[in-house]
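Chains, contacts and geometry: an overview
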Amino acid sequence: VPPVVAIIGRPNVGKSTLVNRIIGRREAVVEDVPGVTRDRVAYQAEWMGRDFTLVDTGGWEHDAKGIHARVAEQAEIAADIADAVIFVVDAMVGATATDEAVVKMLRRIKKPVYLVANKIDDFNQEAESHALWSLGFGQPYPVSALHGRGTADLLDDLMKKL
Ligand code: GDP
Ligand code: MG
């Protein structure tokens, strides 16, 4: 069974864009991963010849439940099914109260967390990622999910420990 990587983060930070970037054209929804439902879409992914399953936890973003309830659900998903977590933050916005709520949940579940400072579309914006050190997950990976910048370094490190 390939390892499962859950992508966590508040709405609009770029989770789905990152999923699309990572799976490229090999997009294929995986339906037999336990715990995966309509709101937790799983995809087959591959990096350097190794298969893994990527779970986008953001299917819920426009429904009526409160954001904090949903953040708790994401963490629950991560705790239940993930071997590792990619936590995505919008580096251009910086850490919000909702991001801090995600952090609290992630601390509790004790899975390896890879912090992505997303929307770093060019070198000049990289300084924006340093502020996210304060979230407590070490050095953030500066990434542009939109353009593919930084995703190779992220995946290299992720696969080393999966
Ligand atoms: P999600 O709600 O976390 O799944 O976020 P989406 O993937 O739907 O992206 C939300 C918005 O951010 C969309 O308009 C994306 O095009 C935009 N976006 C995502 N990643 C990037 C990025 O790396 N750079 C920029 N400039 N925009 C991005
Ligand atoms: Mg999404």
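Residue numbers restart at each chain and count upward from 1, following the sequence in its written direction. Naming scheme: in the order in which they are written, chains are lettered from A and ligands are numbered from 1. This being a predicted model, a pLDDT of at least 70 is required before a residue's local features are given, and a value of 80 or more before pairs of side-chain atoms are given or counted; all residues contribute to the totals for chains, interfaces and linings.

Comments concerning the pairing of strand β1 (residues 4-8)
For β1, the buried fraction is high: five of the five residues fall into the buried class. Residue alternation in β1 divides its side chains into two sets, Val4, Ala6 and Ile8 and Val5 and Ile7, and both sets are buried. Here β1 runs beside strand β4 (residues 50-56); their pairing, made up of four bridges, is parallel. Across the sheet, the residue bridging to Val4 is Thr53, located in β4. Here, strands pair whenever DSSP counts at least two bridges between them. For the purposes of this entry, the term helix denotes a DSSP run of H or I that reaches at least four residues, the term strand denotes a run of E that reaches at least two, and both are numbered from the N terminus. Direction of pairing for β1 relative to strand β5 (residues 84-90): parallel, over a ladder of four bridges. Paired with Val5 across the two strands is Ala84, which belongs to β5. Residues are called buried when their C-beta atom has 20 or more other C-beta atoms within 10 Å, exposed when it has 12 or fewer, and partly exposed otherwise; all C-beta atoms are positioned from the backbone.

Concerning the site of ligand 1
Taken together, 16 residues form the shell around ligand 1, and within it Gly14, Lys15, Ser16, Thr17 and Leu146 come nearest. Considering every element that reaches the shell around ligand 1, the biggest residue donor is helix α1 (residues 15-23), with three residues. Any residue whose C-beta atom, as placed from the backbone, lies within 6 Å of a molecule or strand is termed near it.

Notes on the nonpolar core
Counting residues in hydrophobic clusters, the biggest one holds 43 residues, and the most contacted among them are Ala6, Leu54, Val85, Phe87, Tyr114 and Val116. Throughout, a residue-residue contact means that the two C-beta atoms, derived from backbone geometry, are no farther apart than 7 Å. Setting aside anything within four residues of it in sequence, one finds Phe87 in contact with Ile8, Gly9, Val102, Leu106, Val113, Tyr114, Leu115, Val116 and Phe137. By convention the nonpolar core is taken to be a set of buried residues drawn from Ala, Val, Leu, Ile, Met, Phe, Trp, Tyr and Cys and joined through C-beta atoms within 7 Å.

Examining the confidence of the model for the chain
In low-pLDDT regions, the fine details of the predicted coordinates are not to be read closely. Overall, the prediction assigns the chain a mean pLDDT of 86, with 86% of residues at 70 or greater. Predicted complex metrics record ipTM = 0.99 and pTM = 0.90. Per-residue confidence from the predictor is reported as pLDDT, a score between 0 and 100.

Digging into the packing of helix α2 (residues 67-81) against helix α3 (residues 97-109)
Axis definition: a line fit to C-alpha positions, over the contact stretch in the case of helices; interaxial angles, taken between N-to-C directions, run 0 to 180 degrees. Their axes nearest at 9 Å, the elements α2 and α3 cross at an angle of 30 degrees. Taken together, the axes of α2 and α3 lie roughly parallel to each other. With respect to the hand of their crossing, α2 and α3 are arranged in right-handed fashion. Each of Ile67, His68, Val71, Ala72, Ala75, Ala78 and Ala79 in α2 lies in contact with α3, whose residues at this interface are Thr98, Ala101, Val102, Met105, Leu106 and Ile109. Taken together, the residues of the contact of α2 with α3 sort by class into 11 nonpolar, two polar and no charged. Orientation labels follow simple angle bins: below 35 degrees gives roughly parallel, above 145 gives roughly antiparallel, 65 to 115 gives roughly perpendicular, and whatever is left gives oblique. In this scheme, a crossing is called left-handed if the near helix is turned counterclockwise away from the far one by less than a right angle; it is called right-handed if the turn is clockwise. In this classification, Asp, Glu, Lys and Arg are treated as charged, Ala, Val, Leu, Ile, Met, Phe, Trp, Tyr, Cys and Pro as nonpolar, and every other residue, Gly included, as polar.

Examining unusual backbone geometry
Although it is not a glycine, Asn12 adopts a positive phi angle of roughly 75 degrees. Positioned with a positive phi, Lys119 is a non-glycine residue whose angle comes to about 75 degrees. Tracing the backbone shows Lys119 in the loop between β6 (113-118) and β7 (141-142). The exposure class assigned to Lys119 is buried, which follows from the 25 C-beta atoms found within 10 Å.

Remarks on the environment of Arg108
Mapped onto the secondary structure, Arg108 falls in helix α3. Overall, the presence of 10 C-beta atoms within 10 Å leaves Arg108 in the exposed class. In sequence terms Arg108 and Ala79 are 29 residues apart; their C-alpha atoms lie 9.0 Å from each other.

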